[in-house]
Amino acid sequence: MDNALALKYIDDLWLACSPKLSDRGLKHAFTTRFNGKHNESMNLALHVGRDSEAAITNRKKVCDALKLPFDRFTTAEQVHGDKVSVVTEKEAGCGRYNYKESIAATDALITTLKDTPLVLFYADCTPVVLADPIRRVAAVVHAGWRGTVAAITQKTAIRMQEEFGCRSVDCLAAIGPSIGPCCYEVDETVHEAAAGLPGYDSLFVAVRPGNWRFDLWRANHEQLLAAGVPGKNIGGGNMCTSCNNETFFSYRAEKGKTGRFAALVWL
């Protein structure tokens, strides 16, 4: 599967990426839950856990491994909404040391700035990274079920087109590790809320009355297609965080007591 995500070992860290899209200019990475051979927790979020200093140290490790400047590590206060924010020089570096200084109430970030990693955090929700290597625009999306049914991935791709003149045919996207349709069961609330999404009929499989398996990978893939991104330019959507809980944090598998891994994209 040339669209599959792969794990790679860089500077004592295990990271996932889409090799097919990396070769085409999509600079991105999805971190894992452990620090190389030391098997230390690689929680990167400041809003979970008690040891914020450890999370900051882990953020610096990731930046060092990827040769990115930590002072431009930029993140947001994720609220499971559909707000998309553009990161300018004013916002560069927001949230790197302090959760309260993150870009407020935002679940997708876009930038045209060089060497400015956009970073969001996950434990089952779907990470999506996008880039237009021609017009030099990058974006990262946090799409849990609420963000997915609000079409945040499609809105982000369209915002790139409308605000920065990106052509959809030039855009590359990777869908990161998240809970797969094998493990994600939802009730009627989610099933009804998703009505109207692109490819709606293919997103759910009934398992018993009032319960369905929800395919977040396909839902976000369909939104990218609806925004005009060619299927051949979309990678990932094959790595389940619940099935691979030894490698990635999973909110469901760990009953809410877990850390967060990160998705990063940069120019």
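Now for a quick tour of the structure. (Residues numbered from 1 in each chain as written. Predicted model: local features only at pLDDT ≥ 70, side-chain atom pairs only at ≥ 80, totals over all residues. Heavy atoms only, no water.)

### As for the overall build of the chain
Move 1: Looking only at helices and strands, the chain has six helices and 15 strands in total.
Move 2: The C-alpha atoms of the chain give 17 Å as radius of gyration, which agrees with the globular expectation for 267 residues (18 Å, within 12%).
Move 3: Reported as C-alpha extents along the three principal axes, the dimensions of the chain are approximately 50 × 40 × 35 Å.
Move 4: Buried positions account for 57% of the 267 residues belonging to the chain.
Move 5: Per element, the accessible surface of the chain, about 11,100 Å² overall, is 49% carbon and sulfur.
Move 6: Computed over 31 positive and 30 negative side-chain charges, the separation of the two mean positions in the chain equals 2 Å. (Helix = DSSP H or I, 4+ residues; strand = E, 2+ residues; numbered from the N terminus. Rg over C-alpha atoms; globule rule 2.2 N^0.38 Å. Buried < 20%, exposed > 50% of the residue type's maximum accessible area, 1.4 Å probe, protein only. Areas by Shrake-Rupley, 256 points an atom, 1.4 Å probe, with all protein chains shown as cover. Lys, Arg positive; Asp, Glu negative; His and termini not counted. Charge placed at Lys NZ, Arg CZ, Asp CG, Glu CD.)

### Some points on helix H6 (residues 216–226)
Move 1: Among the residues of H6, Leu216, Trp217, Ala219, Asn220, Glu222, Gln223 and Leu224 are the ones counted as buried.
Move 2: Phi turns positive, to about 100°, at Gly228, one or two residues after H6.

### Regarding the pattern of salt bridges
Move 1: All chains considered together, the criterion is met by nine salt bridges.
Move 2: Between Arg135 and Asp170 there is a salt bridge, with its nearest N and O atoms 3.1 Å apart. Taken together, the residues span a long stretch of sequence, with Arg135 in the loop between strand S8 (126–132) and strand S9 (137–143) and Asp170 in the loop between helix H4 (152–164) and strand S10 (172–175) at a distance of 35 residues. (Salt bridge = Lys/Arg side-chain N within 4 Å of Asp/Glu carboxyl O.)

### A word on the sheet that holds strand S3 (residues 28–31)
Move 1: Within the open sheet, the six strands sit side by side as S1-S2-S3-S15-S7-S4. Their pairing is mixed. Strands with a single pairing partner mark the edges of an open sheet, and in this sheet they are strand S1 (6–10) and strand S4 (74–75).
Move 2: Relative to the sheet, helix H2 (residues 52–66) contacts S1, strand S2 (13–17), S3, S4, strand S7 (118–122) and strand S15 (261–265), its axis offset from that of S2 by approximately 70°. (Pairing = 2+ DSSP bridges. Contact = heavy atoms within 4.5 Å. Axes fitted to C-alpha atoms, helices over the stretch in contact; angles between N-to-C directions.)

### Quick word on H4
Move 1: Along its 13 residues, H4 runs 17 Å from first to last C-alpha, staying within 8% of the 18 Å computed at 1.5 Å per residue.
Move 2: Of the residues making up H4, those classed as buried are Ile152, Thr153, Gln154, Thr156, Ala157 and Met160.
Move 3: For H4, the elements touching its buried residues are strand S5 (84–87), strand S6 (108–111), S8, S9, helix H3 (145–149) and H6. (Expected span 1.5 Å × (residues − 1).)

### As for the pairing of S7
Move 1: Burial runs high along S7: five of the five residues are buried.
Move 2: The side-chain alternation of S7 yields two buried faces, one formed by Leu118, Leu120 and Tyr122 and the other by Val119 and Phe121.
Move 3: Alignment of S4 against S7, held across two bridges, turns out to be parallel. Bridge assignment links Thr74 to a residue of S7, and that residue is Leu118.
Move 4: Relative to S15, S7 runs antiparallel, the two sharing five bridges. Pairing of Leu120 across the sheet is with Ala263, part of S15.

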